[in-house]
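Read off the chains here:
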Amino acid sequence: MTEQTLRQWLLTDTPTSRRHAKLSALYQGWLAFRSNTMAMIGLGILLALVLIAAAAPLLAPHDPFVQNLGNRLAPLGSEGHLLGTDSLGRDILSRLIYGARITLYIVALVALIAPIVGLLVGTVSGYVGGWVDIVLMRITDIFLAFPRLVLALAFVAALGAGIENAVIAISLTAWPPYARIARAETLTIRSSDYISAIKLQGAGGFRIITKHIWPLCISSLIVRVTLDMAGIILAAAGLGFLGLGAQPPSPEWGAMISEGRRFILDHWWVATMPGLAIFTVSLAFNLLGDGLRDVLDPKAGE
Amino acid sequence: MNTFARLLTGVAMGVAVSMTSLSAVAETPANMLVIAHRIDDITTIDPAESFEFAGSDISRNVYSRLVMLDPNDLAAGYKPDLAESWEVSEDGKTITFTMREGVTFHSGNPVTAEDAAFSLQRAVILNKTPAFILTQFGFTAENAAETIRADGNKLMITTDKRYATSFVLNCLTATIGAIVDKETVMANEVDGDMGNEWLKTNSAGSGPYKLDSWKPNESVTMSSNPDYYGGAPAMERVIVRHVLESASQRLLLERGDVDIARNLNPEDIAGVSQADGVKVEDELKGRLMYIALNQKHPELSKPEVRQAFKYLIDYEGMRDSFLKGQYTIHQNFLPATYLGASEENPFSYNIEKAKELLEAAGVEDLEIEIGVREAQERIEIGQSFQNAAAQVGIKVNITVGTAKQILGRYRARELDVYLGAWGPDYPDPQTNAGTFAYNPDNSDEANATGLLAWRNSWDTGGLTEKVDAAVVENDRDMRIQMYQDIQAEFRETSPFVIMFQQIEQSALRDNVTDWSTGQAVTSAAYWQVTK
Amino acid sequence: MAVTEGNGKGRLSASLPPWLKTTLLTIGSIAMTMLGLLFITFIIGRVMPIDPVLAIVGERASQSTYDAVFIELGLDKPLVVQFGYYIWDVLHLDFGTSLLNARPVSEDIARVFPATLELATLGIIIGIVIGVPLGVVAAARKGSWIDQVARVLALVGYSMPIFWLGLMGLLIFYGILGWVGGPGRVGIFYVDVVPSVTGLILVDAALDGNWDVFKNAFSHIILPASLLGYFSLAYISRMTRSFMLEQLSAEYITTARVKGMSEWDVIWKHAFKNIRVQLITVIALSYANLLEGSVLTEIIFSWPGIGSYITTALLSADMNAVLGGTVVVGLIFILLNIFSDLLYKVFDPRAN
């Protein structure tokens, strides 16, 4: 055998093992993804966001909670406060930087909870069928028929305002579409020869769902989740805006807009800056999602 | 306007030279008064039940009472309204009112002593929220027929004890003292509800205005009563439009779409006062902003801790920043301008002092929850307090909720600390003394949820008896002194950190004159307004 | 997004004609969904830490007043009984009385729903009129500048916090430029000027021939409607584009082109014709979202619609109002879904 670079090894047409094949496919996907400039911009923004969130104490010029009533509502570019200060004289830039942590926290939790719940409901429903399917899908319909924000609002109102409850509420409204996708995938997979073969080997339902159906549903779910991230961020911001998300003095972006909207006429930047932050991040997720979709699920894209 | 705004205007002007604007700067008609206000608190307009600010505004203009407060001369106190005069019996328990002749309700029915008796009895029997204002004089559903009775054009009311006459009459200026049209109301009675269901959304008064419509969360429309005994009001139509946002109210005012904007925040007041044709008027209101410490909490019940919290408020910092112009420092439970009010404000922001007091009490690592209603100024006060408390090692967790969420827990004595507001119910010192410093039974079973002292599990340390004594004192100077003494003790011992008294800033088009929101004693009046 | 999945097959008496069976199943599934919707809302209302009694009596109420209202509301009865009573009333089209403004909920909804309907309808019209052609052109000229513009427009639309854009729009177009009317449905002097026939002010004004009112109402609705229109445009144009691309790459299109058919005819007479049904489904869904999901827009623009009605009611524990509003909103969602399902079945040969 001749010497091979890693690149060549990854790009081979004749994989030597299963793992090799998998890695190779991944790498080729990455190459396709990398050529998509917009998606790379999205990824770049998100990586920057993660870095900013991780290094918040180093990056933030001020403590995001320190108040200075004597220097409130300072304008953009004032000394020591690049993005000005808010109603209690807190540095807006620092609050935005710390707020990135909250945004990531919400997104990460929702992205974990909702698809898993959806996957569970969808695959069970699709695989088992019959009454279980009818009941589970009816429940899904019920949740779908609710206005999303109203449902989230109702849950937060029931559970009490707070960031964890906001996450739960958003997850509760976000799972039904995943359940539908997972169910649809399951239905196509269920009747395939491949599953019949495994059944013949005596595998149980649980094993089939977890070992064979779930992995096949994952890629379409990932695409969907990434595309939904922006929606999740916007929903969280909406709850924060209504005062039902993170509680003060937490620098959640939606809540910051809500605080700043009172000054919109004379001190427009107080509400504008967090709005731009939300916009940037959700745009990044959309760009990334578009790119991922092109790679993982080409037929859905164009 | 700031640079950004100017820049945008410039750009837009260029683009839009040929575009005609869809809404030109308007002016309201000369005989119409248009007010932008938050009216989402109105849940009912039955005067026997109505108890919210915007609802009281309606009833003040739609209903007449036995005695009234003159919006042009509020300092004078109560004046004759539907009652032309009154006499007090020898024993001081019975007041006999002589009714004004020739006054009619909007329906055309004459206003009689019988209507007056019915209205007060009805309020007592229905026993809705504000009923305590009357029932505190010993009226009950059972004895109402004897204690409140009409005879010809005279109305007699008999109280269970001898109270200060001014106290009784002051209570009758409240919304619940409104006189309703018995015939009309009883014609709309359903299942013995004394017309309650109907009056919730309709009116039957004799006041300067007739109610045309109340659309929840949208508007209240009134038209003038040409037969009003005091003369038909100048403004023939009054529209109160519900506008939630301060910024929106300001824009409406600046564009001339409304005559008065009532809920502008300090920043918008500052902005609007630079606009052409707009003026700002201040009125000291009765509402107090306070923090209360639950005495069930083992640490918060220590006297030193109670004192320490009074030094943890940045009174001046807040007054001069986000509360600017809308609150003044006030540390006593009687609002300024009330009989017996005190001017003493001994506490100031002093972290060192607070630290010493906490050390003396042996408090360490305290973590408490503060319940705050979802109103921006309160959330900011909460955060300022949280910030100060952090400096003495107390961790404060803010729980923000709607009024109903937070109040429920406060009334159930569940909150560690409550940040809230209290407004007097009628223009007599008893209104606040009887709740801040009065708590005859501090047990859970007493369930005296109406008393602030009870809600905070505070037994008042003997102030209850002093309040009882003050309310029956008929000598004015003596009574003032008694309230001064109660407040002096209250400041030092109570678990209430009273911080601010509200100033209502109304922004008006400058052709509006004689506007009154009722100061600390009553609600807004429209009939004296001219343009 | 089909509501009827057709899974309850066969069990029901096989003797029924198929259309009747389908209809029955559909009605049954609507009923089940509505019941579930109500039940969840009801439970939320009951576990909410807001005290409905307190919402009515206020802070100062004495305990005896409180207790009286508690019993009046039937809160002393077991939950199941309360729910039963509620369902019974709803079946008689009685949604109860709003706890907070003492009016029948049905009256409230009749007042607020037209406001939302008017806004959402204008919004979806804007979305369709701009979104569909944009999507078609973007697909036909794939990769051109117009495709890029469409893509950016859509991406921005997906990513923008609507309440923030609304605030900014209000600031710029009303506050600074004065081009549009402010918050609310109509200027204060135009309130109640025209008789309310449909509840849609634009329509009422037109019926009455009062063009002043029409102009004013239009100046108020145009900004929020454009905002909603933009968000549905983003969705509709993207979906149109991808449906069109699918069609344009199909064989029959190539055949048509080879035959020398003009590009215009290829696009509109062939490809577009074939995506109509899919498109209607997308539009129906988008419309449903506007009808139920414009809470934040309504709040920003003080628009007295059903979204802000439910929200306000929810936050003040006015459960009758919340339940009533949810029924209406849920019903709309379900009906629009069924409508697009039916269309699909009727027009799409593959579905048969």
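Cut-offs used in this document
Residues numbered from 1 in each chain as written. Chains lettered and ligands numbered in written order. Predicted model: local features only at pLDDT ≥ 70, side-chain atom pairs only at ≥ 80, totals over all residues. Helix = DSSP H or I, 4+ residues; strand = E, 2+ residues; numbered from the N terminus. Buried ≥ 20, exposed ≤ 12 C-beta atoms within 10 Å, placed from the backbone. Contact = placed C-beta atoms within 7 Å. Rg over C-alpha atoms; globule rule 2.2 N^0.38 Å. Pairing = 2+ DSSP bridges. Nonpolar A, V, L, I, M, F, W, Y, C, P; charged D, E, K, R; others polar. Expected span 1.5 Å × (residues − 1). Axes fitted to C-alpha atoms, helices over the stretch in contact; angles between N-to-C directions. Right-handed = clockwise from strand over helix to strand, strands pointing away. Left-handed = near helix turned anticlockwise from the far one by under 90°. pLDDT = per-residue confidence, 0-100. Arc of directions from axis to C-beta. Parallel < 35°, antiparallel > 145°, perpendicular 65-115°, else oblique.

(A) Focus on the overall build of chain A. Per the secondary structure count, chain A includes 13 helices and 0 strands. Counted from the first residue to the last, chain A has its helices and strands arranged as α-α-α-α-α-α-α-α-α-α-α-α-α. For the C-alpha atoms alone, the extent of chain A along its principal axes is close to 75 × 60 × 30 Å. For chain A, the proportion of its 302 residues judged to be buried stands at 50%. Contacts in chain A between residues far apart in sequence, at least 24 positions, make up 68% of those at least 6 positions apart.

(B) Structural context of the overall build of chain B. Regarding its fold elements, chain B presents 19 helices and 17 strands. Over its C-alpha atoms chain B spans a radius of gyration of 25 Å, differing by no more than 12% from the 24 Å that the globule rule assigns to 531 residues. Looking at chain B residue by residue over its 531 residues, the buried ones come to 54%. In chain B, of all internal contacts separated by at least 6 residues, the share reaching a separation of at least 24 is 69%.

(C) A look at the interface of chain C and chain A. The interface is formed by 38 residues belonging to chain C together with 38 residues belonging to chain A. Among the elements of the structure, α1 (18–47), α6 (145–159), α7 (162–176), α9 (211–248), α11 (263–293), α12 (295–300), α13 (306–315) and α14 (319–347) of chain C are those that each provide at least two residues to the side of chain C that touches chain A. Ranked by the residues each element gives to the side of chain C that touches chain A, the list is headed by α1(C), at 7 residues.

(D) Structural view of the pairing of strand β12 (residues 278–293) of chain B. Residue and element names in this part refer to chain B. Two strands pair when backbone bridges link them, and β12 and strand β17 (residues 496–509) are joined in this way by 12 bridges, in the antiparallel orientation. Residue Glu 281 lies in a different strand from β17, and its bridge partner there is Ser 506. Two strands pair when backbone bridges link them, and β12 and strand β16 (residues 417–422) are joined in this way by 6 bridges, in the antiparallel orientation. In the sheet register, Leu 293 faces β16, and the bridge partner there is Val 417.

(E) View of unusual backbone geometry. Residue A:Pro249 is bonded to the preceding A:Pro248 through a cis peptide linkage, with omega at 10°. Structurally, A:Pro249 is set in the loop between α10 (205–241) and α11 (253–260). At B:Met194, a residue that is not glycine, the phi angle is positive and equals roughly 55°. Relative to the helices and strands, B:Met194 is located in the loop between α7 (182–187) and α8 (196–199).

(F) A look at the interface of chain B and chain C. Opposite the 44 residues of chain B that make contact, chain C presents 41 residues. Those elements that place two or more of their residues in the side of chain B that touches chain C are α1 (3–15), β10 (237–242), α9 (246–254) and α15 (403–411) of chain B. In the side of chain B that touches chain C, the residues fall into 18 nonpolar, 17 polar and 9 charged.

(G) Quick look at helix α6 (residues 130–145) of chain A. Over its 16 residues, α6(A) runs 22 Å from end to end, which matches the ideal 22 Å to within 8%, given 1.5 Å per residue. Within α6(A) the residues assigned to the buried category are A:Asp133, A:Met137, A:Thr140, A:Asp141, A:Ile142, A:Phe143, A:Leu144 and A:Ala145. Elements in contact with the buried residues of α6(A): α5 (92–128) and α8 (163–190) of chain A together with α1 and α14 of chain C.

(H) Structural view of the sheet that holds strand β4 (residues 83–88) of chain B. All names here are of chain B. Reading across the sheet, the 4 strands line up as β4-β5-β7-β6 and stay open at both edges, with antiparallel pairing between neighbours. Two strands in the sheet have a free side with no partner beyond their single neighbour: β4 and β6 (148–151). Sheet twist, expressed as the mean angle between neighbouring strand axes with direction ignored, is 20°. Inspection of the sheet shows β6 paired to strand β7 (residues 154–158) by 4 bridges, in the antiparallel sense. Following the sheet pairing, Arg 149 is matched in β7 by Met 156. Across the sheet, helix α3 (residues 113–126) touches β5 (94–99), β6 and β7, and the angle it forms with β6 is around 170°.

(I) Quick peek at the environment of B:Ala437. Residues and elements named next belong to chain B. Within the secondary structure layout, Ala 437 lies in the loop between α16 (430–436) and α17 (452–455). On the basis of neighbour counts, which here come to 28 C-beta atoms within 10 Å, the residue Ala 437 falls in the buried class. Separated by 50 residues in sequence, Ala 437 and Gln 487 place their C-alpha atoms 8.8 Å apart. Excluding residues within four positions of it along the chain, Ala 437 makes contact with Phe 333, Ala 453, Thr 460, Leu 463, Val 467, Ile 486 and Phe 490.

(J) A look at the pairing of strand β14 (residues 367–373) of chain B. All names here are of chain B. When β14 meets strand β15 (residues 395–401), the two strands line up parallel, connected through 7 bridges. Bridge assignment links Gly 371 to a residue of β15, and that residue is Thr 399. Between β14 and its parallel partner β15, the chain crosses via helix α14 (residues 376–391), and the hand of that crossover is right-handed. Relative to β16, β14 is paired through 3 bridges, and the arrangement is parallel.

(K) Summary view of the packing of α5(A) against α6(A). All names here are of chain A. Contact pair α5 / α6: the axes reach a minimum separation of 7 Å and the direction vectors enclose 145°. Note on packing geometry: the crossing formed by α5 with α6 is left-handed. Mapping the contact onto sequence places Val 121, Val 124, Ser 125, Gly 126 and Val 128 in α5 and Gly 130, Val 132, Asp 133, Leu 136, Met 137 and Thr 140 in α6. For the contact of α5 with α6, the class distribution of residues is 6 nonpolar, 4 polar and 1 charged.

(L) Representation of the confidence of the model for chain B within the structure. All names here are of chain B. Overall, the predicted model of chain B reaches an average pLDDT of 90, with 95% of residues at or above 70. Under a pLDDT of 50 for its full length, residues 1–24 has, in the predicted model, 19 contacts with residues more than four places off or in other chains. Overall fold confidence (pTM) sits at 0.84, and the ipTM for the predicted complex is 0.80.

(M) Looking closely at helix α19 (residues 476–493) of chain B. All names here are of chain B. With 18 residues, α19 extends 26 Å from end C-alpha to end C-alpha; this agrees with the ideal 26 Å at 1.5 Å per step. Every buried residue of α19 is listed here: Arg 479, Met 482, Tyr 483, Ile 486, Gln 487, Phe 490 and Arg 491. Each buried residue of α19 sits inside an arc of 165° when the element is viewed along its axis, so together they form one side. Of the exposed residues in α19, those oriented more than 90 degrees away from the buried face are Asp 477, Met 478 and Glu 492. If you follow the buried residues of α19, they end up packed against α16 and α18 (463–472).

(N) Up close: the packing of helix α12 (residues 269–296) of chain A against α6(C). The geometry of α12(A) relative to α6(C) is characterised by a closest axis approach of 8 Å and an angle of 125° between their N-to-C directions. In terms of axis orientation, α12(A) runs oblique to α6(C). At the point where α12(A) passes α6(C), the crossing takes the right-handed sense. Contact residues: A:Phe279, A:Ser282, A:Leu283, A:Asn286 and A:Leu287 in α12(A); C:Leu155, C:Tyr158 and C:Ser159 in α6(C). Of the residues belonging to the contact of α12(A) with α6(C), the class tally is 5 nonpolar, 3 polar and no charged.

(O) Representation of the environment of A:Thr226. Residue and element names in this part refer to chain A. Relative to the assigned elements, Thr 226 resides in helix α10. For Thr 226 and Gly 84, which are 142 residues apart along the polypeptide, the C-alpha to C-alpha distance reads 33 Å. The residues contacting Thr 226, other than those within four sequence positions of it, are Phe 285, Leu 288, Gly 289 and Leu 292.

(P) Representation of the environment of A:Pro251 within the structure. All names here are of chain A. By the element assignment, Pro 251 lies in the loop between α10 and α11. On the neighbour-count criterion, Pro 251 (26 C-beta atoms within 10 Å) is buried. With residues up to four places along the chain from it excluded, the contact list for Pro 251 reads Pro 64, Arg 95, Tyr 98, Gly 99 and Met 256.

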